[in-house]
Amino acid sequence: MYNGFRNAMRSVVLAPAKVNLHLAVGERRDDGFHSIESVFARTDLCDELEVEIAESEVADVRVRGLAGFCEPGKDTMSKAARTWMGKSGRRMRLLIRCTKRIPSQAGLGGGSSDAASLLLLLDSLYPMERGMLQEVAAEVGSDVPFFLSRSRFAWVTGRGERVEPVEGVGPLYGALVMPSALKCSTKEAYEALDRLARPAPPAKSLVLDALRSGPANYGKVMRNDFFEVVKTSQPYGSLIRAADGLVGYGALSGSGSCWFFVSEDKTFVDRYIARLGEMDAGRFRSWFVQI
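Residues numbered from 1 in each chain as written. Predicted model: local features only at pLDDT ≥ 70, side-chain atom pairs only at ≥ 80, totals over all residues. Heavy atoms only, no water.

Trainee: Just give me the short version of the overall build of the protein chain, but keep the residues and values in it.
Mentor: Regarding its fold elements, the protein chain presents nine helices and 10 strands. Relative to the compact-globule value of 19 Å for 291 residues, the protein chain shows a C-alpha radius of gyration of 19 Å, a close match. Across the protein chain, the fraction of contacts at a sequence separation of at least 24, relative to all contacts at a separation of at least 6, is 75%. Of the roughly 13,500 Å² that the protein chain leaves accessible, carbon and sulfur atoms contribute 48%. On the protein chain, the mean spot of the 38 positive side-chain charges and the mean spot of the 35 negative ones are 2 Å from each other. (Helix = DSSP H or I, 4+ residues; strand = E, 2+ residues; numbered from the N terminus. Rg over C-alpha atoms; globule rule 2.2 N^0.38 Å. Contact = heavy atoms within 4.5 Å. Areas by Shrake-Rupley, 256 points an atom, 1.4 Å probe, with all protein chains shown as cover. Lys, Arg positive; Asp, Glu negative; His and termini not counted. Charge placed at Lys NZ, Arg CZ, Asp CG, Glu CD.)

So, in structure tokens, the structure goes:
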């Protein structure tokens with residue numbers, strides 16, 4: 001950690017991944033963002049953050065463990081810390097060591113979750129008015145408000161800043177599957193989506209009814225508009241076929257490139273993962289998760 005860094009508070013926090021069980025995307029807005037209607041679900045696949053914090057007259061944020069993911073100082077945690085200090089008027093020295101387990105460019109929200117977990121830690125030490133903290137989260141990134149809410153399931157709208165927790169959903173088991181040779185840029189995915197026509201989104205009530213009735217019914221209502229952008233990519237056909245005969249629901253998460261399969265029955269997820277293992281193992285990385 002910092003050499004001679006005295007009176008520091010040290011904490012370890014987990015930053016969970018999410019999947020989008022449903023994602024309908026509206027037209028591009030005047031501010032450059034897109035409005036969404038989505039169901040977010042938190043998983044137990046997590047990054048781990050070791051954080052050292054000390055009050056200081058000079059703001060200083062250093063993040064380690066992200067080499068190869070982003071340029072120094074351009075990560076979401078640095079942005080979150082700087083934005084939080086700007087809103088709170090406090091000056092801190094922070095050193096963050098991030099152990100990445102959530103793959104990048106996957107549609108799992110890893111960077112947003114890292115930022116939200118840091119904000120929750122800062123808020124536990126130096127509480128901020130809730131509305132102001134939510135403003136910080138929305139400024140840092142579109143998915144950050146969901147992770148800040150600590151919701152297990154949520155109906156998420158706007159550009160991601162409006163989060164309504166959803167209750168009454170039973171436990172789910174899932175497989176997250178990352179095609180090893182495929183990355184999806186969010187910016188490029190939105191640009192490609194804007195060139196396509198897409199149907200009106202299903203009513204919120206229908207989506208939430210399906211959510212509460214279980215994954216066997218998800219496909220009757222839910223969708224991910226980004227699938228139209230990537231559906232011709234070879235890996236996804238194999239991932240869809242791997243679920244043949246299994247009771248559950250498979251879809252793309254976010255703008256990709258991670259695919260998921262979820263079920264109320266763990267044995268179906270186990271079978272799905274086993275089938276992936278029978279394929280060319282080098283084509284995919286998979287994780288078993290609980291939701």
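There's plenty left to go through after this.
Trainee: Can you lay out the state of the cysteines for me, pointing to particular residues and giving the numbers?
Mentor: One way to say it: the disulfide is the covalent bond shared by the sulfur atoms of two cysteines. Applying the stated criterion to the full structure yields zero disulfides. There is no disulfide at cysteine 46, and the cysteine sulfur nearest it, in cysteine 98, is 11 Å away. Here cysteine 70 stays unpaired: no disulfide links it, and the sulfur of cysteine 98, its closest cysteine neighbor, is 9.2 Å away. (Disulfide = S-S within 2.5 Å.)

Trainee: Residue-level account of the side chain of histidine 34, with values.
Mentor: Here histidine 34 lies in strand β2 (residues 34-55). Engagement of the side chain of histidine 34 in a polar contact is seen with the side chain of aspartate 194, the distance being 2.8 Å. Setting aside residues up to four positions removed in sequence, histidine 34 forms contacts with Val25, Gly26, Glu27, Arg28, Arg29, Gly158, Arg159, Tyr190 and Asp194. (Polar contact = N/O pair within 3.5 Å; in protein donor to acceptor, adjacent residues only side chain to side chain.)

Trainee: Residues and numbers for the packing of helix α1 (residues 76-88) against helix α3 (residues 130-140), please.
Mentor: The interhelical angle for the contact between α1 and α3, taken along N-to-C directions, is 145°, at an axis separation of 9 Å. Once α1 is placed against α3, the crossing between them reads as right-handed. Judged by residue contacts, Thr76, Lys79, Ala80, Thr83, Trp84 and Lys87 of α1 engage Met132, Leu133, Glu135, Val136, Glu139 and Val140 from α3. Residues that form the contact of α1 with α3 fall into these classes: six nonpolar, two polar and four charged. (Axes fitted to C-alpha atoms, helices over the stretch in contact; angles between N-to-C directions. Left-handed = near helix turned anticlockwise from the far one by under 90°. Nonpolar A, V, L, I, M, F, W, Y, C, P; charged D, E, K, R; others polar.)

Trainee: Quick rundown of the packing of aromatic side chains? Include the residues and the values.
Mentor: The full count for this structure, using the stated rule, is 10 aromatic pairs. When the ring of tryptophan 84 is compared with that of tyrosine 126, the centres are 6.2 Å apart and the planes differ by 50°; the resulting orientation is tilted. Of this pair, tryptophan 84 sits in helix α1 while tyrosine 126 sits in the loop between α2 (110-125) and α3, and the two are 42 residues apart along the sequence. Tryptophan 84 gets classed as buried once you look at its relative accessible area, which sits at 1%. Their ring planes at 15° and their centres at 4.7 Å tell us that phenylalanine 261 and tyrosine 272 sit as a pair that is stacked. Placement of the pair is phenylalanine 261 in strand β9 (residues 259-263) and tyrosine 272 in helix α9 (residues 266-278), with a sequence separation of 11 residues. (Phe/Tyr/Trp six-rings, centres within 6.5 Å; stacked < 30°, edge-to-face > 60°. Buried < 20%, exposed > 50% of the residue type's maximum accessible area, 1.4 Å probe, protein only.)

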